[in-house]
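Descriptive structure summary
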Amino acid sequence: MIYRLWYFIRETVVSLWRNLSLTLAAILTVGISLSLVGTSILVREGADRATAQFQEGVEFIVFMNADHTPDQDVAIRQVLDTSPAISEYAYIDKMAAYEEFQVLFVDKPELIESVTPDVMPPSYRIVPADPDAANVAELARQFSTQPGVREVATATDAIRQIEDFSTRVSQVLLVAAVVLVVVSAMLILNTVFTAIGARREEIEVMKLVGATNWFVRIPFMLEGMIHGLIGAGLAIPSLFIVEDQVLSFFQESDVVPLFRGFAVPDGFVWDTSLWLLLLGGTVGMLGSAIAVTRYLDV
Amino acid sequence: MIRLESVSKVFKGDVTALRDASAEIQRGEFVFLVGPSGSGKSTFIRLLNREEVADSGRIMVAGKDLGSLSSWRVPYLRRNIGCIFQDYKLLSKKTVSENVAFGLEVIGRPRTVIKRQVPAILELVGLSRKADRTPDELSGGEQQRVSIARAFVNRPLILLADEPTGNLDPATSVGIMRLLDRINRSGTTVVMATHERGVVDTMRRRVIELDRGVIVRDESRGVYD
């Protein structure tokens, strides 16, 4: 068994080495495309966190006092339920608000420790029928005068701009990444195809003496997978560079205070790295699997 | 050991390679397939190790019905069948002993077995002293001996030989035939396609003659024609 494993490793390494220029091209392409995939994920996550409360058409949020009375709740709900200007709304109670706070500030434990669910203000997230800025401002003004209301926060143009910007950036990156992932799968396919061609005689002998199909295929499958994994390995440092240089640049920006929320939690980059490894390995396996099933008729 | 029942094989363009062929070969027999080029000798051989599949009829090899053998079992069938060819099919970058070892390695034989069996088989074919040479440093006869060593190292039940002396001079051919005869005497069934009269006439073994895909003669202790 160990000998067999050694055989697979040896054959794979020899084949990778023999095909060096194509191997490097495949690995670099995987690396670049996965860097883009990762960057796209990070930008998206950062923007989602920066604008977490204003998602899915929510234009303004009514924060209640932590100690408001049930009567005040009833009064607000009545307005929300009956007003034709309100399309829909969601109620975030103390516990839900606390949980969200925990998620948002997961990397600032001292901040989380300083609050309890008790002090969190419950809130209504409101989707107006007409998202026009003037209309939203008028609605916000009306709600701010209701008893029990602590404050009303509106989604400003800045938030919308961040959302638009990040959506566009991450979409463009993602499209480019998908194209490149397909290109890298094809490059891996070609590399493995070339490797098969270089070993045609050996394969013929292997079949002749009764090597099983999998025994013939495995070194080539491993080769493709290694392309994918090394490529992903190259993409991982780029994620840390994006986090360290790009996201933190936004966070330290004084121009738009909202950008300060533009951060991802500590473990997120590592999680994304694992996904990239998985994606790289899968792309490599897929490319080589197509190559061996198409060109290795055993 | 081998049985063909009304076997036919037609290639694209209506080329009939074998038509209604029936024959039975017992364990330990030595059989020559003779006939001119294109008479179906190679197809006969390729059908036996399942490189080709018959269009009709039934082929039994080592107790297996090749028609109903699923493709994943084919490698296990081939481990019971050694093959040698006119062009040897040796790997030029590997040494003599690596070529022989390769045949065992890729069917997952343990290293200890390989270390024991490779020198023994090289001794049998008379190439012990050239174990570290590469094929292009050997004569044609020596290369064919390496190929026989690789085919026989796993002690197959059957040895299929397609024109094994086709590229060799008569004197060298005699040496190869002696080796095949010796392997046959150890109990291995040998089926050899050839169109060399001298080889067949000297050996006086069973002869199956093919003509345009039809078995026209099957005699024990036969001659070429």
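Provided above is the structure to which this section pertains.
Let me sum up the structure you'll find in this document.

Definitions and limits used
Residues numbered from 1 in each chain as written. Chains lettered and ligands numbered in written order. Predicted model: local features only at pLDDT ≥ 70, side-chain atom pairs only at ≥ 80, totals over all residues. Heavy atoms only, no water. Helix = DSSP H or I, 4+ residues; strand = E, 2+ residues; numbered from the N terminus. Buried < 20%, exposed > 50% of the residue type's maximum accessible area, 1.4 Å probe, protein only. Contact = heavy atoms within 4.5 Å. Buried area = accessible area lost by both parts, 1.4 Å probe. Salt bridge = Lys/Arg side-chain N within 4 Å of Asp/Glu carboxyl O. Polar contact = N/O pair within 3.5 Å; in protein donor to acceptor, adjacent residues only side chain to side chain. 1 Å grid on protein atoms, 1.4 Å probe; cavity = no way out; pocket = protein on both sides within 12 Å on 5 of 7 lines; lining within 4 Å. Points joined across faces, edges and corners; volume = space filled by probe spheres on them.

Turning to the environment of Trp 72 of chain B, a few remarks are in order. Residue and element names in this part refer to chain B. Looking at the secondary structure, you find Trp 72 in the loop between β5 (64–65) and α2 (74–78). Here Trp 72 falls in the exposed class, since its relative accessible area comes to 52%. For Trp 72 and Phe 32, which are 40 residues apart along the polypeptide, the C-alpha to C-alpha distance reads 30 Å.

Contacts between the two partners involve 20 residues from chain B, matched on the other side by 17 residues from chain A. Between chain B and chain A, roughly 1,800 Å² of surface is buried when both sides are summed, and carbon and sulfur atoms account for 61% of that area. When the buried surface of chain B facing chain A is broken down by residue, Phe 102, Glu 105 and Val 106 of chain B rank first, second and third, together holding 29% of it. Run the count over chain B and chain A and you get two salt bridges. Between Lys 89 of chain B and Glu 204 of chain A there is a salt bridge whose closest N-O contact spans 3.0 Å. At the junction of chain B and chain A, the tally comes to four residue pairs in polar contact (both at pLDDT 80 or more). Secondary-structure elements contributing two or more residues to the side of chain B that touches chain A are α2, β6 (81–85), α3 (96–105) and α4 (111–124) of chain B.

Another point: empty space enclosed by the protein. Counted under the stated rule, the structure contains one cavity of 30 Å³ or more. The space that makes up the largest cavity amounts to roughly 150 Å³. Forming the walls of the largest cavity are 15 residues, and the residues nearest its centre are Val 209 of chain A together with Ile 81, Gly 82, Arg 150 and Ala 151 of chain B. Every element with two or more residues in the lining of the largest cavity is listed here: α8 (200–209) of chain A together with β6, α3 and α5 (140–152) of chain B.

Residue and element names in this part refer to chain A. Checked against the element boundaries, Thr 23 lands in helix α2 (residues 20–50). With relative accessibility at 4%, the residue Thr 23 sits in the buried group. Reaching out from Thr 23, the side chain makes a polar contact with the backbone oxygen of Leu 16 at a distance of 3.3 Å. Once residues lying within four places of it in the same chain are set aside, the contact partners of Thr 23 are Leu 16, Thr 191 and His 227.

Looking now at the pattern of salt bridges. A complete count under the given rule lists 23 salt bridges over all chains for this structure. In this structure, Glu 5 of chain B engages Arg 3 of chain B in a salt bridge whose closest nitrogen and oxygen atoms are separated by 2.9 Å. For Arg 46 of chain B, the salt bridge goes to Glu 51 of chain B, with nearest N and O atoms at 3.4 Å. With relative accessibility at 33%, the residue Glu 51 of chain B sits in the partly exposed group. Residues participating in the shared-partner salt-bridge network are Arg 10, Glu 11, Arg 199 and Glu 202 of chain A together with Glu 105 of chain B.

All right, on to unusual backbone geometry then. Residue and element names in this part refer to chain B. The backbone of Arg 50 sits at a positive phi, close to 65°, despite the residue not being glycine. One can find Arg 50 in the loop between α1 (41–48) and β4 (56–61). Look at Arg 50 and you get buried, because its relative accessible area is 16%. A positive phi angle, near 50°, is found at Arg 221, a position not held by glycine. With respect to the element layout, Arg 221 can be found in the segment after β10 (214–219).

Function cannot be inferred from these measures alone, as they are strictly geometric.
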